[in-house]
Structures are given as C-alpha cells and as structure tokens.
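Chain residues, written in single-letter form:
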Amino acid sequence: MPDRKMQMQDIPPVYVVSGSAGSSGEQMVNTVLAQFQDSGVQVITVGNVRTLSQMEIVIDQAKATGGTIVHTMVDARVRAALKESAKAKGVVEIDLVGPLMSRLKDVLGKEPAGQPGLYRLLHKSYFDRVSAIEFTMEHDDGQGAEGWSKAEIMLLGLSRSGKTPLSIYLSVLGYKVANYPVIPGVPMPEEFKEVAKDKVVGLMMDADRLLAIRSHRISQIGAAHSSYNEPSAIEAEIDFIEKLYKKGGFYVINTTNRTIESSADEIIKRISKAS
C-alpha cells in the first residue's frame, strides 16, 4: 500500500496570488478544498504582489512544483501580465476576479478602480473591529504580556471579577483590550511598566458578590473548598488590590451590581477623556 504521507507530499500546492492580503482568494480556495476531505493540498498565499518580478517568482515556484495559481488581481495590467507569463511557462492559472470585473464593467458602463485593497479600505471599521477582537483574545487573562503596551485599555482585577466578559464586550466595540488577574503576593510582570497609566482600569467587586461567584464556580467544577472562596481570604485580596490601585493611581470602577454595558460605557468615557 502506498505511503499516505509520501502521497500528500507529492500533491501540487495551490498558490493564492493577490495585490492585497489575499484573504478572499484563500477563503475561496479553502471553501472548495473542503469538498475534498483530507486532500493534503497545501495552500500558499502570496499577498501584496504589485510588480512583474514578484509575479515571476511565484510563477516559477508553481512551475517547479506543478502547482496551480489562483489569483484575485484587480489591476488589469498586472492581471494580464500574470496570465501571459503563466501561459508561456505552462502554469495553470485561475482568475477569480477578471471575468466578473469584465461583466460588471459592461453592465455598469464604467471602468473599475483597479485599486488593490480597496474593499478593506472601504470596510475599515469592520476590519478594525475584527483586529480588536483578535488582539483581546490573545491578551486575555494575562496572556501576551509583550503586547500589553499596544492595548488601548488594560483591565486589572481579582479572579472572577468580570475581566474577560468586559474585555470581549469592549473589543466588539472596537477597542484592543488586555486584562490581567491580580494575585496577592505575585509581583506584576515587568511588561506592565510599559502600559500607560491612563490606559489602566482597575475593577472592584464587593466581597459578598465575589464570594457568591467563586462559590458557584467551585460547585460547577466540583473542586474542594479552599481559600479561593473563603470570606476572610477574599477580604484580604480586596484589601490588597485596593492598595495596589491607590499606589498606582489607577482609575477604578466597581462592577458589583452593574451590567457589562454600563461598565463598558464608563470605561470608554474615561479612556476618551484621557486620549
């Protein structure tokens, strides 16, 4: 029986070539490949292709590997050059944009802009929001400390004080948020020094409410009773974090009986004033 691994290595790749990021072409190729389960086809995206020399490199790679070029070039001149060169070198190319562009040109009676990345530019707010959500997920619960300085909002708070849901809500509104769970006795990471003070927001929660949330969490996961949901320990944690906030001069909001929307509104107003 043939070695499946060897067979997959011999499968020619698909090169997605674009004058912009190439995400639309890549999505189309992957949509089609989903119909061929375990095909083992490698998809190589080559974005920001604007010159003939850039195209020739990809075409030569496709020729050497027996690969197929799928392209979304909106610049008619560049698209024509790619098609001509690929044909001359015996490389199969599939144009995802040209035929539709030509049809719309005739229907609308106007020339296309031919500007790479125009869709992303016109939908900048959407892509900015997606970027904010991705950033926030990558910097949740103390992750990605090296990127904290790029956060627009940095939330601090004790465990189960609502940092993650509030972070995600703010990210959907377009803010890049990082959050860090403060633990008494554990020094703040060195990277925190790079975060501007006016970006930091400290979350507070009343002891009774925090105790109820933690106790519910403990019962959900079936864990044994511990200082995590011990009233005296929680009081000590709150005392510690209050002193931390005061020493740092951080803006503080109490989220005890507030909705996420209300907390987010206050944070946004605060950050907007500081900007």
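So, how was this worked out
- Residues numbered from 1 in each chain as written.
- Predicted model: local features only at pLDDT ≥ 70, side-chain atom pairs only at ≥ 80, totals over all residues.
- Heavy atoms only, no water.
- Helix = DSSP H or I, 4+ residues; strand = E, 2+ residues; numbered from the N terminus.
- Rg over C-alpha atoms; globule rule 2.2 N^0.38 Å.
- Buried < 20%, exposed > 50% of the residue type's maximum accessible area, 1.4 Å probe, protein only.
- Contact = heavy atoms within 4.5 Å.
- Phe/Tyr/Trp six-rings, centres within 6.5 Å; stacked < 30°, edge-to-face > 60°.
- Lys NZ or Arg CZ within 6 Å of the ring centre and 35° of its normal.
- Patch = residues over 30% accessible without salt bridge, like charges linked within 9 Å, V, L, I, M, F, W, Y side chains within 5 Å.
- Areas by Shrake-Rupley, 256 points an atom, 1.4 Å probe, with all protein chains shown as cover.
- Salt bridge = Lys/Arg side-chain N within 4 Å of Asp/Glu carboxyl O.
- Axes fitted to C-alpha atoms, helices over the stretch in contact; angles between N-to-C directions.
- Parallel < 35°, antiparallel > 145°, perpendicular 65-115°, else oblique.
- Left-handed = near helix turned anticlockwise from the far one by under 90°.
- Nonpolar A, V, L, I, M, F, W, Y, C, P; charged D, E, K, R; others polar.
- Polar contact = N/O pair within 3.5 Å; in protein donor to acceptor, adjacent residues only side chain to side chain.
- Pairing = 2+ DSSP bridges.

Focus: the overall build of the protein chain
Part 1 of the reasoning: Regarding its fold elements, the protein chain presents 11 helices and eight strands.
Part 2 of the reasoning: Computed over C-alpha atoms, the radius of gyration of the protein chain comes to 27 Å, more than 25% over the 19 Å expected from 2.2 N^0.38 for 275 residues, which places it beyond the range of a compact globule.
Part 3 of the reasoning: Counting only C-alpha atoms and orienting by the principal axes, one finds that the protein chain spans roughly 80 × 55 × 35 Å.
Part 4 of the reasoning: When burial is assessed residue by residue, the protein chain has 32% of its 275 residues classed as buried.
Part 5 of the reasoning: For the protein chain, restricting intrachain contacts to residue pairs at least 6 apart in sequence, the fraction spanning at least 24 positions comes to 72%.

Focus: the packing of aromatic side chains
Part 1 of the reasoning: Enumeration according to the criterion identifies two aromatic pairs in this entry.
Part 2 of the reasoning: Look at phenylalanine 192 and phenylalanine 250: their rings are 5.8 Å apart centre to centre, the planes differ by 85°, and that puts the pair in the edge-to-face class. Of the two residues, phenylalanine 192 sits in the loop between β6 (177-181) and β7 (200-204) while phenylalanine 250 sits in the loop between α10 (231-248) and β8 (251-254), which places them 58 residues apart along the sequence.
Part 3 of the reasoning: Accessibility expressed as a relative area gives 12% for phenylalanine 192, which makes it buried.
Part 4 of the reasoning: Look at phenylalanine 250 and you get buried, because its relative accessible area is 14%.
Part 5 of the reasoning: Residue placement shows arginine 214 over the ring face of tyrosine 228; its charged tip is 4.6 Å from the ring centre.

Let's talk about a nonpolar patch on the surface
Part 1 of the reasoning: On the surface, Met28, Val32, Phe36, Val92, Ile94 and Leu96 cluster together to form a nonpolar patch covering roughly 530 Å² of accessible area.
Part 2 of the reasoning: Counting through the fold element by element, valine 92 comes out in the loop between α4 (76-88) and β4 (93-95).

Considerations on the packing of helix α9 (residues 207-221) against α10
Part 1 of the reasoning: Close contact between α9 and α10 brings their axes to 10 Å; oriented N to C, the two are set at 125°. By the angle class used here, α9 and α10 are oblique. The crossing of α9 and α10 is right-handed. Where α9 approaches α10, its residues Ala207, Leu210, Leu211 and Arg214 are matched on the opposing element by Pro231, Ile234, Glu235, Glu237 and Ile238.
Part 2 of the reasoning: Residues belonging to the contact of α9 with α10 are distributed by class as follows: six nonpolar, no polar and three charged.

Re the side chain of histidine 71
Part 1 of the reasoning: Position of histidine 71 relative to the elements: it lies in strand β3 (residues 68-71).
Part 2 of the reasoning: Using a relative accessible area of 0% as the deciding quantity, one classes histidine 71 as buried.
Part 3 of the reasoning: At 2.7 Å, the side chain of histidine 71 forms a polar contact with the side chain of glutamate 93.
Part 4 of the reasoning: Those residues in contact with histidine 71 that lie beyond four places of it in its chain are Val17, Arg79, Leu82, Lys83, Glu93, Ile94, Asp95, Leu96 and Val97.

Structural notes on the sheet that holds strand β2 (residues 43-46)
Part 1 of the reasoning: Here we have four strands laid out as an open sheet, ordered β2-β1-β3-β4, and parallel in their pairing. Strand pairing shows two members of the sheet lacking a second neighbour, β2 and β4, which therefore form its edges. Averaged over all adjacent pairs, the angle separating strand axes in this sheet is 20°, with direction ignored.
Part 2 of the reasoning: Where β3 meets β4, three bridges bridge the pair, whose relative direction is parallel. In the strand pairing of β4, histidine 71 is matched with aspartate 95.

Details of the packing of helix α8 (residues 163-172) against helix α11 (residues 260-274)
Part 1 of the reasoning: Close contact between α8 and α11 brings their axes to 10 Å; oriented N to C, the two are set at 65°. As for the relative orientation of α8 and α11, their crossing is right-handed in sense. Where α8 abuts α11, its residues Pro165, Leu166, Tyr169 and Leu170 lie against Ile260, Glu261, Ser263, Ala264, Ile267 and Ile268.
Part 2 of the reasoning: Along the lines of polarity and charge, the residues of the contact of α8 with α11 split into eight nonpolar, one polar and one charged.

A short note on the sheet that holds β6
Part 1 of the reasoning: Ordered in space as β6-β5-β7-β8, the four strands form an open sheet in which the pairing is parallel. Looking at the sheet topology across the chains shown, the edges are occupied by β6 and β8. Adjacent strand axes in the sheet meet at a mean angle of 25°, parallel and antiparallel pairs treated alike.
Part 2 of the reasoning: Strand direction decides the pairing type here: β7 and β8, joined by four bridges, are parallel.

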